[in-house]
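Analysis of the macromolecular model
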Amino acid sequence: MTAASVLDLDSLAREIPVIFPEAAGFYKHNCMICFDNQGHSSGVSLAVEREEGNTHLPVLWAGAVDTHMKKAYADLRKATEYAACAIGLLLVRELTGFTAVEQAMIGTTVDYYLAQQVPDDTLIFNDAPRLETSGILQEEGTNTVDRRVREKLERLKVDALPAIIAVVEFGCPKSKMVHHDDRS
Amino acid sequence: MQLAQSAMVARHDGDTERAVELARQAYDLERQAVNLVPERKGSEPTFSIMHGSAASLAYHSEQYDLAQRHIAQALSGYPSTELRRELKKLDRDIDFRLSLRDAGVVLKEDELQLSVEGTAVGVGTVLYSEFIARLENAHTQIERTVQRLMKKDYQRSGRIAERYRPFTVVLSAPTAGSFGVSIKLATPEEKEPILFPQASEIIDEVIKGIELVNAGQEDALRALIPEKGYYTSFLSVARDMAPDGERITAVRFASKSRAASLTRQPSEIVPMPEARPEEAEPKREPLALEGTLDYASSRRGQVIGLTTEEGRRYTIAVEEGMDDVVRAHYGRLVFVAGLYDFEEEHMLLEQIHGINE
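The following paragraphs examine the structure supplied in this document. The model shown is predicted, which means the values in this text are computed figures rather than measured ones.

Re the overall build of chain A
Scanning chain A for helices and strands turns up 5 helices and 8 strands. Expressed as a percentage of its 184 residues, the buried residues of chain A come to 55%. Expressed as a percentage of contacts within chain A between residues at least 6 apart in sequence, the contacts between residues at least 24 apart total 61%. Per element, the accessible surface of chain A, about 7900 Å² overall, is 50% carbon and sulfur.

As structure tokens, this is what we get:
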């Protein structure tokens, strides 16, 4: 973690090896839509809860949400999931020694795998934790960050493979990060 | 990696042709990478993840046979439980898509294919009562999904305002060889096309809900549909259309981009209980009855009557969201289950399904 950490949406393509420019723009727009929908603008503070200690990080981006963008990303449920993925990728890079270096298409989604550095052999997913993200536009009733984290841990407990879980909420912006690793 | 991400973006933009082509190019590269990984236990989880990824890319590029080969390879290794579950789901989707393709069915973005399997299904024929009830239920789920996505509060009764009915449902002729119909969400010429929700998004939402119901993920369904009335409606209608395990063994849904099967039986589909303060809990006991639904009233909340074969009459309170499924059974012989409230002298309805007369 650097002295003055920020989550810069414009750095997705520059600083995360697995994200390419076209996808970086897509992820950035999904984030902007979610923050804008909840009345936030660039510079909004994201509260991050994690085992190593809680922190607040400003989320920055260039540009503004316009009508055209709102139409293109009108499905807020999908936008929330993609936005949570982008924020998760940035949080991992800022707060852990990992960054996303590989991806795998599983079903209809893209899974990202993390490493300390870019692996150079063919067994690229061995020992690489997977990034598990989930998004909530606005907490309501039982639809909470804590509950989502519990559900993810419950689902992952049958697997010994390591994972970093990041659940992001955009209403009162906050995120919870948890490491899962049951390898003996 | 770049091609796969571009395919994801193209799919979001609705450019299906480009998405398929990009997925095809990504698959070709992924296949070359997969071939470099030796098939031995030390290669896990890389081996199964890469074959799983290749299977997904082949699926998205509509190369279903290749996709199934990679799924078989991944499953022959040591995939994680999570990956195994995903791969089996993908395999079932592909089986269904292949059956559609063999029957010559090509779905468009605004079409939902509904089909049933079981002893009640012959070659291009089906028992009328088994199919029509499920078709009506699918129609209800589509209409409620449109209203929910358009941010309308759940409406229990009365005519739904015209602006919340932007689509007309059109059925195509059943396909010979299996029993299925295509339900098309068309915008009538006299109506202004709406930007959101698009027909494909409504269909996608219905299929995703069915996937969650069939996986027993009522919690995840609640997250997908946070509004209580719509959640209860979706779950109760899904339970009403679920297969009985004999006459109907599966109810299948497919769109151009995803597919789901409902194979759980009604008794296995249980709503997520709501937390209630214990001290406020009145005296209630479980009760199950069979009888005919014989009156309904929207006064005093929603109340229906049921008369058993012995002539005994019960009053049943219907919670918000169960209205649709109750309406579908009015005047018919049904099984109902719920909690009998001794103070109010009525049953709080939890389950209802038709009995074949």
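So, the pairing of strand S7 (residues 163-169) of chain A
Residue and element names in this part refer to chain A. In terms of burial, S7 is largely enclosed, as 7 of its 7 residues are buried. The alternating pattern of S7 places Ala163, Ile165, Val167 and Glu169 on one face and Ile164, Ala166 and Val168 on the opposite face, and all of these are buried. As judged from the 7 bridges shared by S7 and strand S8 (residues 174-180), these two strands associate in the antiparallel manner. Within the sheet, the bridge partner assigned to isoleucine 164 lies in S8 and is histidine 179. Between the antiparallel neighbours S7 and S8 lie 4 residues.

Overview of the nonpolar core
Of all hydrophobic cores here, the largest spans 60 residues; its most connected members are Leu221, Phe253, Leu262, Val336 and Ile352 of chain B. Of all the elements, helix H7 (residues 199-214) of chain B adds the most residues to this core, at 8 residues. Excluding anything up to four places from it in sequence, isoleucine 352 of chain B contacts Asp240, Leu293, Met322, Val325, Val326, His329, Val334, Phe335 and Val336 of chain B. Listed in part, the 47 residues of the second largest apolar core include Phe35, Leu57 and Met177 of chain A together with Val9 of chain B.

A closer look at the side chain of arginine 239 of chain B
Residues and elements named next belong to chain B. One can find arginine 239 in helix H9 (residues 228-241). Although arginine 239 is buried, it forms no salt bridge, and the closest oppositely charged side chain is glutamate 319 at an N-O distance of 7.3 Å. In contact with arginine 239, other than residues within four places in its own chain, are Pro266, Ile269, Val270, Pro271, Met322, Glu350 and Gln351.

Quick notes on the packing of aromatic side chains
As enumerated under the stated definition, the model contains 10 aromatic pairs over all chains in all. For the pair phenylalanine 35 of chain A and phenylalanine 170 of chain A, a centre-to-centre distance of 5.0 Å together with 70 degrees between the ring planes defines the contact as edge-to-face. Of this pair, phenylalanine 35 of chain A sits in helix H2 (residues 21-37) while phenylalanine 170 of chain A is found in the loop between S7 and S8, placing the two residues 135 residues apart along the sequence. Taken together, the ring pairs in this structure connect Phe26, Tyr27, Tyr73, Tyr82 and Tyr112 of chain A into an aromatic cluster. Just above the ring of tyrosine 231 of chain B sits the side chain of arginine 222 of chain B; from NZ or CZ to the centre is 4.1 Å. It is lysine 283 of chain B that lies over the ring of phenylalanine 342 of chain B; its NZ or CZ is 4.5 Å from the centre.

So, how was this worked out
Residues numbered from 1 in each chain as written. Chains lettered and ligands numbered in written order. Predicted model: local features only at pLDDT ≥ 70, side-chain atom pairs only at ≥ 80, totals over all residues. Heavy atoms only, no water. Helix = DSSP H or I, 4+ residues; strand = E, 2+ residues; numbered from the N terminus. Buried < 20%, exposed > 50% of the residue type's maximum accessible area, 1.4 Å probe, protein only. Contact = heavy atoms within 4.5 Å. Areas by Shrake-Rupley, 256 points an atom, 1.4 Å probe, with all protein chains shown as cover. Pairing = 2+ DSSP bridges. Core = buried A, V, L, I, M, F, W, Y, C linked by side-chain atoms within 4.5 Å. Lys, Arg positive; Asp, Glu negative; His and termini not counted. Salt bridge = Lys/Arg side-chain N within 4 Å of Asp/Glu carboxyl O. Phe/Tyr/Trp six-rings, centres within 6.5 Å; stacked < 30°, edge-to-face > 60°. Lys NZ or Arg CZ within 6 Å of the ring centre and 35° of its normal.

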